[in-house]
Amino acid sequence: MAEAHPLMLYNTLTRRKEAFRPIDPANVRMYVCGPTVYDYAHIGNARPVIVFDVLFRLLRHIYGAEHVTYVRNITDVDDKINARAAEEGVSIRELTERTAKQFHEDISALGVLPPTVEPRATEHIPEMKALIEALVANGHAYVAEDHVLFHVPSMKDYGRLSNRSLEEMEAGARVEVAPYKKDPMDFVLWKPSKAGEPSWPSPCGIAAPGRPGWHIECSAMAERHLGQVFDIHGGGIDLVFPHHENEIAQSRCAHGMPVMARFWLHNGFLQVEGEKMSKSLGNFVTINELLRERPADQKWWGGVMRLAMLSTHYRQPINWSRKGLAEAEAALTRWAKQYEFAEVAAEPQLTQRIANHLCNDLNTPGAIAELHAMAKAAESGSKHEAQELIVNALFLGLPVDEYIAQHQIDDMQMALVNERIDARLEARKAKNFKEADRIRDELAAMGIALKDSKDPKTGEITTTWEVRAPSTTEASR
Ligand SMILES: [Zn+2]
């Protein structure tokens, strides 16, 4: 199957699309950098989790579910974790356990399969120390003032992944200047812990207890679970430099290998309503707060979020918006309406028409356009197309079997609609048109169309509404 339809993936390392051939088809190995567990995951964190879940599903389809090993780590030792635990007055363990549990709940609502292995950094300290000692022994790292540092100029082709010269990187990066560094680009493999911070006995004969740097964690966990050289390493594009560049430097120099992973895949940036997401801009959106908007219906709503995310190709920047969510819900509703007509067991299946798009560098927008075409044919009476639609949508992790006749308005929903309409009129009065539009879109996603009219005498705006299911079933029959 892999021969007839080769999987093409864009490799950041070579800057081109290449045919993917695993080192060992009996064990296809992928590593993706996971969360640092100190706070709720935001929707920017959700992007790689969803994107690489689709790739995981595709690899399992091509090579067999038992022949793919997917490792996604949890970083549970980090300065941000220490700071947050102190701020909240809880133990580090309590904070990391709670946050990891929340992360799992949130992403499971997004239809994400668990990875094969989910290693935690704190459970791999011996592996990290072994790597660090190997790097010191072969001259790529050195000890200075209780730190161990990787000496960047010792690696001739450092910077290959980000395709920048040392000079460019030094100019571009916010390099931490420290008197004990031989070169400003040198980065921390191990550092001493302050009192109250997590610490372990240090490597390389350092007396003071310490803890690992962030980059060495991934090198150690990848090696332990996937070996010295593996197939695919993924993450967000913001990790290319310095994190992935440093992972490569550590692993290659420790093992004397020409590569760490053969394919490096990176998903693009995420913006919110056209702006960079940041706490200071007040547009910081967590997966959890979005899910809580539909407490009774999280699997469906999570599926809407998943579809909204997959509507943009993974390498493109994505603009996360209320409009995008509303469009995704309209599409998912339309597809889900074919579930009963299709009369299939809810077995996910990937058929050739969708596989062709996914094998072309995970072209999910192409796959979604194909699902729309299937829905159209199904609405015209083709049971076969309805079946293709449902099994492929389920393959993509979309909950088309979760639809609960949302276009049928019962009394409770009627009260909700009226309440939302009042809130919108209030927003308009306060000239908060952004919020007014948001509510209109929210209702549109539920299949409620609003119509405003002005009383010619009083000038008062009144709003009427009608149920208009997002599908055009009647019209096309
Ligand atoms: Zn990593």
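Residues numbered from 1 in each chain as written. Predicted model: local features only at pLDDT ≥ 70, side-chain atom pairs only at ≥ 80, totals over all residues. Heavy atoms only, no water.

Check the secondary structure of the protein and you find 17 helices and 15 strands. Rg of the C-alpha trace for the protein: 25 Å, near the compact-globule value of 23 Å for 477 residues, within the 12% margin. Principal-axis analysis of the C-alpha atoms gives the protein an extent of 80 × 55 × 40 Å. The buried share of the protein, taken over its 477 residues, is 52%. Across the protein, every contact between residues at least 6 apart in sequence was considered, and the portion connecting residues at least 24 apart equals 74%. Computing the positive centroid from 55 side-chain charges and the negative centroid from 66, the protein places the two 4 Å apart. (Helix = DSSP H or I, 4+ residues; strand = E, 2+ residues; numbered from the N terminus. Rg over C-alpha atoms; globule rule 2.2 N^0.38 Å. Buried < 20%, exposed > 50% of the residue type's maximum accessible area, 1.4 Å probe, protein only. Contact = heavy atoms within 4.5 Å. Lys, Arg positive; Asp, Glu negative; His and termini not counted. Charge placed at Lys NZ, Arg CZ, Asp CG, Glu CD.)

Now for the nonpolar core. Counting residues in each nonpolar core, the largest one holds 77 residues, and the members touching the most others are L55, L59, W320 and W335. Considering each element in turn, this core owes the most residues, 13 residues, to helix α1 (residues 43-63). Formed by 42 residues, the second largest nonpolar core is a distinct cluster that contains A141, M155, L189 and W200. (Core = buried A, V, L, I, M, F, W, Y, C linked by side-chain atoms within 4.5 Å.)

Quick look at the side chain of D76 now. The topology assignment puts D76 in the loop between β4 (68-72) and α2 (79-88). One buried charged residue, D76, remains without a salt bridge, the closest side chain of opposite sign being R120 at 4.6 Å. Looking at D76, its side chain comes within polar contact range of the side chain of T122, at 2.7 Å. The residues touching D76, leaving out its near neighbours within four places in the chain, are V37, I81, T96, R120, A121 and T122. (Salt bridge = Lys/Arg side-chain N within 4 Å of Asp/Glu carboxyl O. Polar contact = N/O pair within 3.5 Å; in protein donor to acceptor, adjacent residues only side chain to side chain.)

We now examine the sheet that holds strand β10 (residues 261-267). Read from one edge of the open sheet, four strands run β4-β3-β9-β10, paired in parallel fashion. Each edge of the open sheet carries a strand with a single partner, namely β4 and β10. Looking at each pair of strands side by side, their axes are set apart by 20° on average, direction ignored. Relative to β10, strand β9 (residues 230-236) is paired through six bridges, and the arrangement is parallel. (Pairing = 2+ DSSP bridges. Axes fitted to C-alpha atoms, helices over the stretch in contact; angles between N-to-C directions.)

Attention shifts here to the pattern of salt bridges. Applying the stated criterion across every chain, the model contains 34 salt bridges. Residue D79 is joined to K191 by a salt bridge in which the shortest nitrogen-to-oxygen separation is 3.1 Å. In this pair, D79 is assigned in helix α2 and K191 in strand β7 (residues 187-192), connecting sequence segments 112 residues apart. What makes K191 partly exposed here is its relative accessible area of 22%. The partner of E385 in a salt bridge is R353, with the nearest N and O atoms 3.1 Å apart. Of this pair, E385 sits in helix α14 (residues 383-395) while R353 sits in helix α12 (residues 352-358), and the two are 32 residues apart along the sequence. By relative accessible area, E385 is classed as buried at 15%. One network of salt bridges, with partners in common, ties together E419, R420, E435, R438 and E442.

Next up on the list: the packing of aromatic side chains. For the structure on display, the rule yields four aromatic pairs. When the ring of F150 is compared with that of F187, the centres are 5.1 Å apart and the planes differ by 15°; the resulting orientation is stacked. Here F150 is found in strand β6 (residues 147-150), whereas its partner F187 is found in strand β7, with 37 residues between them in sequence. Taken as a pair, F150 and F187 share a single burial class, namely buried. For R315, the ring lying beneath its charged end belongs to Y10, and the centroid distance is 4.0 Å. (Phe/Tyr/Trp six-rings, centres within 6.5 Å; stacked < 30°, edge-to-face > 60°. Lys NZ or Arg CZ within 6 Å of the ring centre and 35° of its normal.)

This part is about the coordination of the zinc ion. Coordination of the zinc ion by the protein comes from C33 (SG), C218 (SG), H243 (NE2) and E247 (OE), over a distance range of 2.1 to 2.3 Å. One can describe the site at the zinc ion as irregular: its four donor atoms subtend angles covering 79 to 130° at the metal. (Donors = N, O, S within 2.8 Å, 3.2 Å for Na, K, Ca; no water. Tetrahedral: all angles 85-135°; square planar, octahedral: opposite > 155°, others 65-115°.)

Burial runs high along β4: five of the five residues are buried. Taking every second residue as pointing to the same face, both faces of β4 are buried, with V68, Y70 and R72 on one and T69 and V71 on the other. Relative to β4, strand β3 (residues 28-32) is paired through five bridges, and the arrangement is parallel. What sits directly across from V28, in β4, is V68. Read from β3 through α1 to β4, the crossover connection turns out right-handed. (Right-handed = clockwise from strand over helix to strand, strands pointing away.)

Throughout the structure, instances matching the rule amount to two cavities of 30 Å³ or more. Lining the largest cavity we find 14 residues, and of these L13, R160, I248, R252 and P258 sit closest to its centre. Residue classes in the lining of the largest cavity are distributed as nine nonpolar, one polar and four charged. Estimated volume of the second largest cavity: approximately 50 Å³. Taken together, V51, V54, M309, L310, T312, Y314, L362 and T364 make up the lining of the second largest cavity. In terms of residue class, the lining of the second largest cavity is made up of six nonpolar, two polar and no charged. (1 Å grid on protein atoms, 1.4 Å probe; cavity = no way out; pocket = protein on both sides within 12 Å on 5 of 7 lines; lining within 4 Å. Points joined across faces, edges and corners; volume = space filled by probe spheres on them. Nonpolar A, V, L, I, M, F, W, Y, C, P; charged D, E, K, R; others polar.)

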